[in-house]
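Take a look at the letters that make up each chain.
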Amino acid sequence: MDSNNKSLLGKTIAGNDEFKVTDISSFIKEQDLKFCIYNTKSRKVEEIVPVTPGKIGLYACGPTVYKYAHIGNLRTYISEDILKRVLMMYGYKVKHIMNVTDVGHLVSDADEGEDKMEKSAKEMNMDAWEIAKYYFDEFRRDMKYLNITEPTIFTPATGHIDEQIQLVKRLEEKGYTYKTSDGVYFDTSKFPKYADFGQIDVEGLQSGARIGVNDEKKNITDFALWKFSKDGENRQMEWPSPWGIGFPGWHIECSAMAIKYLGEYVDIHCGGSEHVKVHHTNEIAQSESYLEHEWVNYWFHTDWLILEGNEKMSKSSDNYLTINSLIEKGYDPIVYRYYCLNAGYNKQLVFKWEGMDSAKTSLSRLYKKVLELKKSANADGKFNEKYTLQFFTSLFDDLNVSKSLGLLWNMLSDSEVNDRDKYRTVLLFDEILGLNLSDVKEEVKEITEEVKIIIAQRDEARRNKDYKMSDELRNKLVSLGYKVLDTKEGTKIE
Ligand code: AMP
Ligand code: ZN
């Protein structure tokens, strides 16, 4: 079935799984700490109890690869990364699946309009398959910049067309679907608890509906499982199916791939908050109709990053900032990670440049402090139990990272903790925070042309045994903040 698939991404892409954490699970067990998160399904903070003891299946809705990810998208991946790191620290072996949407996500989340991939291909006058590959690679680069650990595997939608068709066929056999002139739809009236998860006001939706928008749908909430290629549309991405040539609806990919790689029961499913009322509601309807039982135990949602004036950052408008925008403005992208860690993941975060400036200042203070500790910690320390306990207690309480960050600062200024232990504890905390604290180095000053000329003049003076001039030039370098060393190869500065 996938014979006409020209995907440059293949079926699955193994993530870089080098990331490991220190095993502190016995310490955690001794303290009897429970890891609790807010579960959108119950609207409560609940203790995580995995389906299989010791293991967590984690599914994260991934990027639609038709544009660069914006920093709002990346906020969501940062908080999912924190969740995963904390799960690992708690002692779980985490299998993390992230899909890559490289087909079928239409301009409107309600199955209307053009396919984002095809639209982007037309606008950029490029091949849609190449666009998917290009933006996927850029996404991985963004993840690296932000120290977001990669999933166990990335699973592109175009690598799983057959699985999606099989799922739709099964739903059809069970009587959940109907056909219209533009596709195969899921009949939401056949899934009585459809509105529960998202607390959807179906009547309200009905009365606000635009007349003439897909009149063939039986219910306002019905959604496409398979869409037909339109006559004359010349789609680059299309496949044969039992219903006609076309492409999968956006939601079906996540159900097909989550079930394939994580089995019939998923521990935790993640995404941005706008997915609650449409994408995740639809995923639940189709998966549970197929499986005939509940599917996901915990739903973890990160709230939006918004701009001042309550504007949501979105890829489909021009108001979006990317990692490149941050770099162009002179910020190391890791500053944005620090910025996000200061806000609760399930509250909206208003992006402000002043906030980025204070994050930058705090982070360089932190680097300076850690560097001092690195220099003075001349023997292996132990992690400080009091602060470690407090640090993890707040993380296990629905990921209160900003509180944990405050505890890190408290520990650093606590004169009762020695430098060796401080250094060890900071590195342990950074396994969660991901701020590259183990890599801090002395800042290397850029050697300007002016400095290079002074060095050359000084070397010339020394060759000519003009020690007066040589000393004058040395003083000049010292006044510019350098330490000057005389070596066999000539003047060296630090
Ligand atoms: P997309 O690439 O548009 O499919 O979205 C990727 C992820 O980013 C999804 O989990 C979205 O819910 C999430 N997302 C989209 N916009 C924002 C935003 N402004 N703030 C935070 N997360 C977002
Ligand atoms: Zn999804």
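Residues numbered from 1 in each chain as written. Chains lettered and ligands numbered in written order. Predicted model: local features only at pLDDT ≥ 70, side-chain atom pairs only at ≥ 80, totals over all residues. Heavy atoms only, no water.

*Asks:* With reference to specific residues and values, describe the overall build of the protein chain.
*Replies:* Broken down by element type, the protein chain carries 16 helices and 19 strands. For the protein chain, the spread of C-alpha atoms along the principal axes amounts to about 95 × 55 × 45 Å. Taking all 494 residues of the protein chain together, 53% fall into the buried category. A fraction of 77% describes how many contacts in the protein chain between residues 6 or more apart in sequence connect residues 24 or more apart. Carbon and sulfur atoms make up 49% of the accessible area of the protein chain, which amounts to about 23,000 Å² in all. Placing the 67 positive and 80 negative side-chain charges of the protein chain at their respective mean positions leaves the two points 5 Å apart. (Helix = DSSP H or I, 4+ residues; strand = E, 2+ residues; numbered from the N terminus. Buried < 20%, exposed > 50% of the residue type's maximum accessible area, 1.4 Å probe, protein only. Contact = heavy atoms within 4.5 Å. Areas by Shrake-Rupley, 256 points an atom, 1.4 Å probe, with all protein chains shown as cover. Lys, Arg positive; Asp, Glu negative; His and termini not counted. Charge placed at Lys NZ, Arg CZ, Asp CG, Glu CD.)

*Asks:* Could you give an account of the domain arrangement of the protein chain, naming the residues involved and the relevant values?
*Replies:* One can read the domain layout of the protein chain as domain 1 (3-302), domain 2 (352-439) and domain 3 (449-493). Taking only C-alpha atoms, the centre of domain 1 and the centre of domain 3 are 62 Å apart. (Domains from an automatic or database assignment.)

*Asks:* How would you explain the coordination of the zinc ion (ligand 2) if you had to name every residue and give the values?
*Replies:* Taken together, Cys61 (SG), Cys254 (SG), His279 (NE2) and Glu283 (OE) make up the protein donors of the zinc ion (ligand 2), found 2.1 to 2.5 Å from the metal. Considering all 4 donor atoms around the zinc ion (ligand 2), the spread of angles at the metal, 71 to 132°, places the coordination shape in the irregular class. In the primary sequence, the donor residues of the zinc ion (ligand 2) line up as C-x192-C-x24-H-x3-E. Here Cys254 lies in helix α7 (residues 252-262) and Cys61 lies in the loop between β4 (55-60) and α2 (71-90), a separation of 193 residues in the sequence. Classification of Cys61 as buried rests on a relative accessible area of 7%. A relative accessible area of 0% means that Cys254 is categorised as buried. (Donors = N, O, S within 2.8 Å, 3.2 Å for Na, K, Ca; no water. Tetrahedral: all angles 85-135°; square planar, octahedral: opposite > 155°, others 65-115°.)

*Asks:* Can you explain the pattern of salt bridges? Please cite residues and give values.
*Replies:* Working definition: two side chains of opposite charge can pair if their charged atoms are close together. The full count for this structure, using the stated rule, is 29 salt bridges. Among the ionic pairs, Glu460 bridges to Arg463, the shortest N-O distance being 3.1 Å. Separated by 3 residues within a single helix, Glu460 and Arg463 lie in helix α15 (residues 449-463), roughly one turn from each other. Close ionic contact of Glu489 with Lys492 constitutes a salt bridge, the shortest N to O distance being 3.8 Å. A relative accessible area of 40% means that Lys492 is categorised as partly exposed. (Salt bridge = Lys/Arg side-chain N within 4 Å of Asp/Glu carboxyl O.)

*Asks:* Outline the pairing of strand β11 (residues 223-228), supporting the account with residue identities and numerical values.
*Replies:* Both faces of the sheet carry side chains from a regular strand, because those side chains alternate between them. Most of β11 sits out of view: 6 of its 6 residues are buried. Bridge analysis of strand β10 (residues 183-186) against β11 gives 4 bridges, and the strand direction is antiparallel. Each residue of the ladder has a partner; that of Tyr185, found in β11, is Ala224. (Pairing = 2+ DSSP bridges.)

*Asks:* Tell me about the site of ligand 1, and please be specific about residues and values.
*Replies:* In the neighbourhood of ligand 1, 20 residues make up the surrounding shell, with Thr64, Thr76, Glu274, Leu305 and Lys315 lying closest. Contact between ligand 1 and Thr76: a nitrogen atom at 2.7 Å from a side-chain N or O atom of the residue. Compared with its free state, where it exposes 490 Å², ligand 1 has 96% of that area covered by protein. If you list the elements that add at least two residues to the shell around ligand 1, you get α2 and β13 (266-272). Of the residues contributing to the shell around ligand 1, the split by class is 6 nonpolar, 10 polar and 4 charged. (Near = heavy atom within 4 Å. Polar contact = N/O pair within 3.5 Å; in protein donor to acceptor, adjacent residues only side chain to side chain. Nonpolar A, V, L, I, M, F, W, Y, C, P; charged D, E, K, R; others polar.)

*Asks:* Provide a residue-level description of the sheet that holds strand β16 (residues 311-312), including the pertinent values.
*Replies:* Taken in spatial order, the 3 strands of this open sheet run β16-β15-β17, and their pairing is mixed. In this open sheet, the two edge strands, each paired with only one partner strand, are β16 and β17 (349-350). Inspection of the sheet shows strand β15 (residues 305-307) paired to β17 by 2 bridges, in the parallel sense. Bridging from a neighbouring strand, Ile306 pairs with Val350 of β17.

*Asks:* Before we move on, can you summarise the side chain of Arg85 with the specific residues and values?
*Replies:* Structurally, Arg85 is set in helix α2. Not counting residues up to four positions away in its chain, the partners in contact with Arg85 are Phe19, Asn147, Thr149, Arg337, Asp430, Glu431, Ile432 and Gly434.

*Asks:* I'd love a proper account of unusual backbone geometry, names of residues and values included.
*Replies:* Even without a glycine there, the phi angle at Leu399 is positive, about 55°. Position of Leu399 relative to the elements: it lies in the loop between α12 (385-396) and α13 (401-412). Classification of Leu399 as buried rests on a relative accessible area of 5%. Not every positive phi belongs to a glycine, and Asn436 is a case in point at roughly 65°. With respect to the helices, strands and loops of the structure, Asn436 is situated in the loop between α14 (419-433) and α15. By relative accessible area, Asn436 is classed as partly exposed at 30%.

*Asks:* Tell me about the environment of Ser404, and name the residues and values.
*Replies:* Tracing the backbone through its elements, the reader meets Ser404 in helix α13. Through-space distance from the C-alpha of Ser404 to that of Phe392 is 7.4 Å; in sequence the pair is 12 residues apart. When neighbours within four sequence positions are excluded, Ser404 is seen to be in contact with Phe391, Ser394 and Leu395. In terms of polar contacts, Ser404 uses its side chain to reach the backbone carbonyl oxygen of Phe391, at 3.0 Å. In this structure the side chain of Ser404 is engaged in a polar contact, spanning 2.6 Å, whose partner is the side chain of Ser394.

*Asks:* Explain the nonpolar core to me, and be specific about the residues and the numbers.
*Replies:* Residues Phe35, Leu83, Ile268, Tyr336, Phe351, Leu366 and Phe392 are the most contacted members of the largest nonpolar core, which totals 140 residues. Per-element accounting of this core gives the leading share, 11 residues, to α2. No fewer than three residues from each of domain 1 (3-302) and domain 2 (352-439) sit in this core. When sequence neighbours within four positions are dropped, the list of residues in contact with Phe392 reads Ile24, Leu33, Met89, Leu428 and Ile432. Leu473, Leu477, Tyr482 and Ile493 belong to the second largest nonpolar core, which has 8 residues in total. (Core = buried A, V, L, I, M, F, W, Y, C linked by side-chain atoms within 4.5 Å.)

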